[in-house]
Amino acid sequence: MYLTPFQERMLKGEFGWVYAKALEIIVKVGEALGSDRLVEISHAHVSGVSYSNIGEPGLDFLRDFYREMPRFRVYTTINPGCVDYGMLSQVIDNKYLGKQALIDEALVGMGAKPVFTCIPYYHRPPLPGEHLAWGESSAVIFANSYFGAMTNREGGPLALASALTGFTYYHGLHELENRVARVLIKISPLIYNKPLSLAGLWIGENVRKVPMLEIKEKPLYEIKALLAAMAASGSHALAVLDGITPKGTYKTSIEETITLEFSDVEKYIGETPGTSETVLGYVGCPHTHPEELVILRRLLEKYREPKRGRLLVTMPPEIASTYSSIVRLLLSRKVDIALGTCPVVSVLRKKYDLMLTNSGKAFFYMRKIHGLKVGIASLKEIVESIYT
Ligand code: F3S
């Protein structure tokens, strides 16, 4: 791999062993993939932040780096941790508060912005063509597809290494010739009456090449759920969104056209609540966007309290403080609000029979990780199931 004189000095340890180690990780992965140079990045987003996920080995790895007091060389954000930073949730168990605090201290001490969210683009929307090194599959696919930024699907350690060095390997989705849409997907009108994450689950499972999606005008929160579902059920990191993905950040060479029918996605609707079941409604995977908060306020205004189960809403701490009047309304309706975390990366205080969510990603992981029955429903259906 070609390295500039500055990168050579870093690799030799002139700036300390932490930077040398971080660059070595990037160079080794890049060489294994056939990359011949590095590229500068402007934003790293580090996943693998939750103690529930990374445990003691991950904590030790981070603390070893932090002991040398390095600083991130680029703007760096971090994914959700495993605790509710608002300390109000009755659904999320804060049992690892102390361990999570050690992780947070290391990352923030190295210079990360304490956003604790999987929608880092809310804090800093990337520009078309901008090179990034992001972990968190739902954020990666959103950055590439919605903003036309360029990032591969990095693991937590690689994103951390890029935050420290300011570089990543030039390969994969950093190269325009790898951003070629080959399958055109048309979504039939009936699917639009349901959460778009249903379509995302099907595309993730069934399409291997980069898809181009013809979607009717849809709110950002639906697009975020659609892309997150694709990235969860498949290995997608880019979908060209016709009319949305900025021109010049992708190419097209359509080989096949698929029309997605409601009958294809129906099976993902999953479970519906029986009368005796305890239901956990869940909104906020990926983290709740202000658009969703506005809809939730409208839906919840007419109710006083849940009739069965709880409605959990997860969001970044900053959105909760910016939209504090909506948050207060939700709290007055006994909505359980958890900040900077989510049920997938944390521990739940008690077991529910069924989770009802608009998120295909939560559908995919809550069944696998927590063994929960999960159903997919619209925001309106979720609220009505719990409050009527
Ligand atoms: Fe975010 Fe947790 Fe879903 S990290 S994408 S809310 S699994």
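As the structure is a computational prediction, the values presented were derived from the model and not from experiment. Residue positions are given per chain, counted from 1 along the sequence in the order it is written. Owing to the predicted nature of the model, reporting of local features is limited to residues with pLDDT of at least 70; listing and counting of side-chain atom pairs is limited to 80 or more, with chain, interface and lining totals taken over all residues. Computation of side-chain values covers all heavy atoms of the structure but excludes hydrogens and water.

> For this particular structure, what's the right way to read the overall build of the protein chain?
Strands here are runs of E lasting at least two residues and helices are runs of H or I lasting at least four, both read from the DSSP assignment and numbered beginning at the N terminus. Of regular secondary structure, the protein chain possesses 14 helices and 16 strands. For the protein chain, whose C-alpha radius of gyration is 21 Å, the value lies close to the compact-globule estimate of 21 Å for 388 residues. Burial classification: accessible surface area is computed with a 1.4 Å probe over protein chains only, and a residue below 20% of its type maximum counts as buried, one above 50% as exposed, and the rest as partly exposed. Expressed as a percentage of its 388 residues, the buried residues of the protein chain come to 60%. Considering only contacts within the protein chain whose residues lie at least 6 apart along the sequence, 79% involve residues at least 24 apart. Taken over C-alpha atoms, the radius of gyration is set against a globule rule of 2.2 Å times the number of residues to the power 0.38. Note on definitions: a residue-residue contact is assigned when non-hydrogen atoms from the two residues lie within 4.5 Å.

> Honestly, the UniProt feature "domain: Phosphomevalonate dehydratase large subunit-like" (unreviewed entry) in the protein chain in this entry has me stumped. Any pointers?
What UniProt calls "domain: Phosphomevalonate dehydratase large subunit-like" (unreviewed entry) maps, in this numbering, to residues 1-384. Between the C-alpha atoms that bound residues 1-384 there is a distance of 57 Å. The span itself is 38% helix and 18% strand. UniProt positions are given in the numbering used here, feature names are shortened, and annotations may be inferred rather than shown by experiment.

> Before we go on, may I ask you to explain the pattern of salt bridges in this structure?
It is possible for side chains of opposite charge to pair when their charged atoms get near one another. In the sections that follow, a salt bridge refers to a side-chain nitrogen of Lys or Arg positioned within 4 Å of a carboxyl oxygen of Asp or Glu. Under the defined criterion, the tally for this structure stands at 16 salt bridges. Between glutamate 56 and lysine 99 there is a salt bridge, with the nearest N and O atoms lying 2.9 Å from each other. Separated by 43 residues along the polypeptide, glutamate 56 in helix α3 (residues 51-67) and lysine 99 in helix α4 (residues 97-109) bring together distant segments of the chain. Assessed through its relative accessible area of 32%, glutamate 56 is described here as partly exposed.

> What's the story with the sheet that holds strand β3 (residues 75-78) in this structure? I'm lost.
One key point about sheets: their strands pair by backbone hydrogen bonds, in either a parallel or an antiparallel sense. Each pair of strands is called paired provided DSSP finds at least two bridges between the two strands. Here we have three strands laid out as an open sheet, ordered β3-β2-β5, and parallel in their pairing. Looking at which strands have only one partner, the edges of the open sheet turn out to be β3 and β5 (132-134). In this sheet, adjacent strand axes meet at a mean angle of 10° when their direction is disregarded. Each axis is a line fitted through C-alpha atoms, taken for helices only over the stretch in contact, and angles between the N-to-C directions span 0 to 180 degrees. The strands that helix α6 (residues 156-165) touches are β2 (43-46), β3 and β5; relative to β2, the one it contacts most, it runs at about 145°.

> I'm lost on the sheet that holds strand β11 (residues 279-283) in this one. Help?
With parallel pairing, five strands are arranged side by side in an open sheet as β13-β12-β11-β15-β16. Of all strands in the sheet, those with a lone pairing partner are β13 (336-339) and β16 (373-376), marking the two edges. For this sheet, the mean inter-axis angle between neighbouring strands, taken without regard to orientation, is 25°. Note that β11 and strand β15 (residues 354-357) share four bridges and pair parallel. Residue pairing for β15: leucine 280 is matched across the bridge by methionine 355. Contacts from helix α14 (residues 379-387) reach β11, β12 (310-315) and β15, with the element oriented near 150° to β11.

> Would you explain the side chain of serine 47 in this entry?
Structurally, serine 47 is set in the loop between β2 and α3. Note on serine 47: relative accessible area 11%, which makes it buried. When near neighbours in sequence (up to four residues on either side) are disregarded, serine 47 contacts Asn79, Gly135, Glu136, Glu154, Gly155 and Gly156.

> Got a minute to help me understand the site of the ligand in this structure?
Nearness is defined per residue: one heavy atom within 4 Å of the molecule or strand is enough. Around the ligand, the surrounding shell consists of Pro80, Cys118, Glu136, Ser138, Tyr282, Gly284, Cys285, Pro286, Cys342, Val344 and Lys361. Cavities and pockets were defined on a 1 Å grid built over protein atoms only: a cavity is a set of grid points that admits a 1.4 Å probe from which the probe cannot escape, a pocket is an open set flanked by protein on both sides within 12 Å along at least five of seven lines, and lining residues are those with an atom within 4 Å of any such point. Throughout, a molecule is located in a cavity or pocket provided that more than half of its atoms lie within 2 Å of its grid points. A molecule is said to occupy a pocket when more than half its atoms come within 2 Å of that pocket's grid points, and by this definition the ligand occupies the largest pocket. In this classification, Asp, Glu, Lys and Arg are treated as charged, Ala, Val, Leu, Ile, Met, Phe, Trp, Tyr, Cys and Pro as nonpolar, and every other residue, Gly included, as polar. Of the residues belonging to the shell around the ligand, the class tally is seven nonpolar, two polar and two charged. Each domain span listed reflects an automatic or database assignment of domains. Residues from two domains meet in the shell around the ligand; each of domain 1 (5-174) and domain 3 (270-387) gives at least three.

> Looking at this structure, I do not really get the packing of α3 against α6. What am I missing?
When two helices pack together, their arrangement is given by the angle between their axes and by how far apart the axes lie. Axis separation between α3 and α6 bottoms out at 12 Å; the angle between their running directions is 10°. In terms of their interaxial angle, α3 and α6 are classed as roughly parallel. Contact with α3, carried on its side by Phe61, Leu62 and Phe65, involves Pro157, Leu160 and Leu164 of α6 and no other residues of that element. Broken down by class, the residue content of the contact of α3 with α6 amounts to six nonpolar, no polar and no charged. Note on angle classes: values under 35 degrees are labelled roughly parallel, values over 145 roughly antiparallel, values of 65 to 115 roughly perpendicular, and the remainder oblique.

> Would you mind going over the packing of aromatic side chains with me for this structure?
Given two aromatic rings, one states the distance between the centres and the angle between the planes to describe the pair. The pairing test for Phe, Tyr and Trp rings, Trp by its six-membered ring, is centres within 6.5 Å, and the orientation test on the planes gives stacked under 30 degrees, edge-to-face over 60, and tilted for anything in between. Counted by the stated rule, this structure contains 14 aromatic pairs. Arranged with centres 5.2 Å apart and planes meeting at 75°, the rings of tyrosine 146 and phenylalanine 147 form a pair that is edge-to-face. Since its relative accessible area comes to 15%, phenylalanine 147 is described here as buried. Ring pairs connect the aromatic residues Tyr121, Phe142, Tyr146 and Phe147, which therefore count as one cluster. Cation over ring: arginine 37 sits above tyrosine 170, and NZ or CZ is 4.0 Å from the ring centre. As a reminder, the over-ring test applies to NZ of lysine and CZ of arginine, requiring each to be within 6 Å of the ring centre and within 35 degrees of the ring normal. It is lysine 216 that lies over the ring of tyrosine 192; its NZ or CZ is 4.5 Å from the centre.

> Before we go on, may I ask you to explain the environment of isoleucine 141 in this structure?
Inspection of the secondary structure assignment puts isoleucine 141 in helix α5 (residues 137-146). On a C-alpha basis, the gap between isoleucine 141 and lysine 224 in space is 8.9 Å, while along the polypeptide they are 83 residues apart. Not counting the four nearest positions on each side in its chain, isoleucine 141 is found in contact with Tyr146, Leu227, Ala228, Met230, Ala231, His236, Ala237, Leu238 and Ala239.

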